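# A look at the structure
Here are the chains, one letter per residue:
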Amino acid sequence: MSKSRSRAETLEDVAERYKSEQRQQEWAIEGWLPHLGLGVLFGRPGTMKTFTVVDLAVRMAVGLSWGGLRLREGVVAIVAAEDPEGVEARLLARAHELGFPWESVPIVILTDPPPINSEEFVTFARTEARAFGNTPISLVAIDNLSATFDGRDQEGSGAMSSAMRNARHAANALGCAVLLVHHPPRGNDDVPAGGAPIERAPDLILHQTVDGSGEIRITARKVRAGPIGGRMLMRAKVHRFEIGDHRQVIETLVLYDHQYLPPALANARDARDSAQRRDVIVEVVERYPNGVRTSVVLEELKSRGFTVGLKTVQRELADLSEAGRLKSTGKGAARKHLVTGHRTADG
C-alpha cells in the first residue's frame, strides 16, 4: 500500500513517498496520451485528420498497435459531429482492409449526443458502449471540437476554457482518454485555435500536416507525461469493396505504411528540413532586391510543397538574420527582408 500524501511535505518527504510507490503510467497511446488523458489533434482542413481518428479507433478497438506504439484495447466512441456518413464509410473500409469482421470491432458512432459538458453525455456514452458487454471504454474521439461549443465563439478564451474542463470531465467520468479534433487559427498553422487554454489544458497536442509528396505527418507538439517531439508518418491509399446483397460499393482512403519516429530521429529530420527551408528562403529573398515581406516568403514556400506556418517562417527568417545571411528593415506589416549586402530603393 502506498504512503498517503500529507497536506504539507518537504522535498525529502516527497522523495520517500515516490520511493515507496509503484508509479507506472497507464497509456491510451503509448508514450503520448495517458489513460484518462486529454489530447488535441489539430491541422488545416484537408490534412486527413478524420482518417487518422478512424485509423486509430479501429486499431485500438481490435487491439492492434499504431506504428509500433501500443494502444489500450477497448471500446472507442466517436462523436461524428461533422460528417457522420463519411465517418461510417471510413470505419467500414478501415476494418475491412485490416481483415476484421465488423461485428468484432467495438466502436460506437455518436451522431447526435447530448452536449459533452453534461452528465447526460456520460450516461449516453456508457449506455451505447454496453452493446459490447463489459468491455471498458478506452477512447472518446470528438470530430470535431465544435461539438463542445453549442454555437459559441471558439476563439474566446472563456469558451475554450469551458470546453477543456468539459472534455476533462468526460474523461474522468467515463474512465477513458478523450481526443479532440481541431483546427489552427487563421493565418497561423503552427498552433491550435483557442489561445492559452487549449495550449495549457491538454496532456497531448498533435499537429497533423500533409507534405507535397502526400506523406502524412503527426508531430507531438506537447506531451505532458513524456518526451516531446516524436512523430508518426503515414500515407493514404484507396480501398474499394462491396457490401450487402445489393453489392453497394464503398470506395475511400485508408492509411498505411505507419512509421513512428522517436524524438531524436524526428528532431534530426526537422534539422534537415529546416536547412532545406532556409536555403529556399534565401533563394526567394534574392529575387527581391528591394526586399520581400514575410507573407510572400510563406506563400512561396507553400507553393513549393513545404508544410509550414507563419511562426515557423518568422523563426527561420530571424535565425537567418542572426546568422548574417539576411537582414530585415521596417516594422510590422512594412517589415521586409533582404539578402545581406542589398539595399532597399528607399534606404
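The preceding data block contains the structure.
Residues numbered from 1 in each chain as written. Predicted model: local features only at pLDDT ≥ 70, side-chain atom pairs only at ≥ 80, totals over all residues. Heavy atoms only, no water.

In this chain, Asp143 is followed by Asn144 through a cis amide linkage whose omega measures 15 degrees. If you trace the backbone, Asn144 turns up in the loop between β6 (137-143) and α5 (157-174). The phi angle at Asp257 is positive, at roughly 55 degrees, despite the residue not being glycine. (Helix = DSSP H or I, 4+ residues; strand = E, 2+ residues; numbered from the N terminus.)

Before going further, it helps to spend a moment on the pairing of strand β9 (residues 216-223). The element β9 is largely enclosed, with a buried count of 7 among its 8 residues. One ladder, built from 7 bridges, connects strand β8 (residues 204-210) with β9; its direction is antiparallel. Bridge pairing in β9 links Leu206 to Ala220. Taking the residues between adjacent antiparallel strands as the criterion, β8 and β9 are bridged by 5 residues, where Gly214 takes a positive phi near 90 degrees. Where β9 meets strand β10 (residues 231-243), 4 bridges bridge the pair, whose relative direction is antiparallel. Across the sheet, the residue bridging to Ile218 is Met232, located in β10. (Buried < 20%, exposed > 50% of the residue type's maximum accessible area, 1.4 Å probe, protein only. Pairing = 2+ DSSP bridges.)

Right, let's get into the sheet that holds β9. Taken in spatial order, the 9 strands line up as β5-β4-β6-β7-β3-β8-β9-β10-β11 in an open sheet, and their pairing is mixed. At either end of the open sheet lies a strand with only one pairing partner, and these are β5 (107-110) and β11 (248-261). Taken pair by pair, the neighbouring strands of this sheet meet at an average axis angle of 20 degrees, ignoring direction. Sitting on the sheet, helix α3 (residues 84-98) is in contact with β4 (75-80), β5, β6, β10 and β11, with an inclination near 70 degrees to β11. Along the sheet, helix α7 (residues 263-286) makes contact with β9, β10 and β11, crossing β11 at roughly 95 degrees. (Axes fitted to C-alpha atoms, helices over the stretch in contact; angles between N-to-C directions. Contact = heavy atoms within 4.5 Å.)

What follows is about the nonpolar core. Ranked by internal contacts, the top residues of the largest apolar core, which has 40 residues, are Ile29, Trp32, Trp66, Ile78, Ile107 and Leu139. Ranked by residues supplied to this core, first place goes to helix α2 (residues 49-62) with 9 residues. Those residues in contact with Trp32 that lie beyond four places of it in its chain are Trp27, Trp66, Leu69, Leu204, Leu206, Ile218, Ala220, Val223, Gly230, Arg231, Met232 and Tyr260. Listed in part, the 29 residues of the second largest apolar core include Val108, Phe121, Val140 and Ala163. (Core = buried A, V, L, I, M, F, W, Y, C linked by side-chain atoms within 4.5 Å.)

Side chains of Glu82, Asp83, Glu85 and Glu88 sit close together on the surface and give a patch of like negative charge. When you line up the elements, Glu82 lands in the loop between β4 and α3. Glu82 gets classed as exposed once you look at its relative accessible area, which sits at 55%. (Patch = residues over 30% accessible without salt bridge, like charges linked within 9 Å, V, L, I, M, F, W, Y side chains within 5 Å. Areas by Shrake-Rupley, 256 points an atom, 1.4 Å probe, with all protein chains shown as cover. Salt bridge = Lys/Arg side-chain N within 4 Å of Asp/Glu carboxyl O. Lys, Arg positive; Asp, Glu negative; His and termini not counted. Charge placed at Lys NZ, Arg CZ, Asp CG, Glu CD.)

Below, the discussion takes up the packing of helix α8 (residues 294-303) against helix α9 (residues 310-322). At a closest axis distance of 10 Å, the pairing of α8 and α9 adopts a crossing angle of 110 degrees. In terms of axis orientation, α8 runs roughly perpendicular to α9. Note that α8 runs across α9; the crossing there is right-handed. On α9, the residues touching Thr294, Val297, Leu298 and Leu301 of α8 are Leu310, Val313, Gln314 and Leu317. Residue composition of the contact of α8 with α9, grouped by class: 6 nonpolar, 2 polar and no charged. (Parallel < 35°, antiparallel > 145°, perpendicular 65-115°, else oblique. Left-handed = near helix turned anticlockwise from the far one by under 90°. Nonpolar A, V, L, I, M, F, W, Y, C, P; charged D, E, K, R; others polar.)

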